[in-house]
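Breakdown of the fold
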Amino acid sequence: MEGKTKDIVRQKLTQYLESKGLRKTPERYAILDQIYTTSEHFDVDLLYEMMQTSEFRVSRATIYHTINVLVNAGLVRKHQFGNLPAQYEKAYNMVNHHHLICTHCGKIREVKDPKLLEILTQKKFARFTTSYYSLYVYGICSSCARIERQESRKNEKES
């Protein structure tokens, strides 16, 4: 994680914890640091695995509790992609982007579409101030589509 970003997100967490009267535990900061070193989406199980390979081990319960604190602090975004377990990503200083979700394998790909970004950025809603948005597009990735075509051809030959 870039030093400047690390300092800023740690400061924002400290301010949030103090404003809510919550404890500033080393575990919370270690989890925050781990999240901000990854550029991928992750679920709680993956974060737990990442923490197990780090020098700072924490329980699943601590991760579940901390991830909620980080979401409420605006430092982490929570996504619910179909039936998959909740996915998270860092939120600070992140550019708005869209998510392509394969309904077969569950793979998630981020895309940035400048035209769509411009339209959504300029969109105003009555009596509502937008802080960020997320667009989910569901379909079939090219790998799964290729496998489907191969299986279809195989079934046609067997018939």
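This text follows the structure it describes.
Keep in mind that what you see is a predicted model, and the values were worked out from it rather than measured.

1. Here's the deal with the pattern of salt bridges
Under the defined criterion, the tally for this structure stands at three salt bridges. Linking Arg10 and Asp33 is a salt bridge whose minimum nitrogen-to-oxygen distance equals 2.8 Å. Pair noted here: Arg10 is in helix 1 (residues 3-20) and Asp33 is in helix 2 (residues 26-35), with a separation of 23 residues, a long-range link. Accessibility expressed as a relative area gives 27% for Arg10, which makes it partly exposed. For Lys24, the salt bridge identified is with Glu18, shortest N-O distance 2.8 Å. For Lys24, a relative accessible area of 44% translates into the label partly exposed.

2. What about the pairing of strand 3 (residues 98-102)?
Counting buried positions along strand 3 yields four of five residues, so the element is predominantly enclosed. Alignment of strand 3 against strand 4 (residues 108-111), held across four bridges, turns out to be antiparallel. Each bridged residue has a counterpart across the sheet, and for Ile101 the counterpart in strand 4 is Ile108. The sheet contact formed by strand 3 and strand 5 (residues 135-139) spans five bridges and is parallel. Bridge pairing in strand 5 places Cys102 opposite Gly139.

3. Focus on a positive patch on the surface
A cluster of like positive charges, contributed by Arg146, Arg149, Arg153 and Lys157, occupies part of the molecular surface. Mapped onto the elements of the fold, Arg153 is located in helix 6 (residues 142-158). Since its relative accessible area comes to 48%, Arg153 is described here as partly exposed.

4. Points about the sheet that holds strand 4
What the three strands build is an open sheet, ordered 4-3-5; its pairing is mixed. Each edge of the sheet is formed by a strand with only one pairing partner; in this case those strands are strand 4 and strand 5. Between one strand axis and the next, the sheet turns through 25° on average, direction left out of account.

The rules we used
- Residues numbered from 1 in each chain as written.
- Predicted model: local features only at pLDDT ≥ 70, side-chain atom pairs only at ≥ 80, totals over all residues.
- Heavy atoms only, no water.
- Salt bridge = Lys/Arg side-chain N within 4 Å of Asp/Glu carboxyl O.
- Helix = DSSP H or I, 4+ residues; strand = E, 2+ residues; numbered from the N terminus.
- Buried < 20%, exposed > 50% of the residue type's maximum accessible area, 1.4 Å probe, protein only.
- Pairing = 2+ DSSP bridges.
- Patch = residues over 30% accessible without salt bridge, like charges linked within 9 Å, V, L, I, M, F, W, Y side chains within 5 Å.
- Areas by Shrake-Rupley, 256 points an atom, 1.4 Å probe, with all protein chains shown as cover.
- Lys, Arg positive; Asp, Glu negative; His and termini not counted.
- Charge placed at Lys NZ, Arg CZ, Asp CG, Glu CD.
- Axes fitted to C-alpha atoms, helices over the stretch in contact; angles between N-to-C directions.

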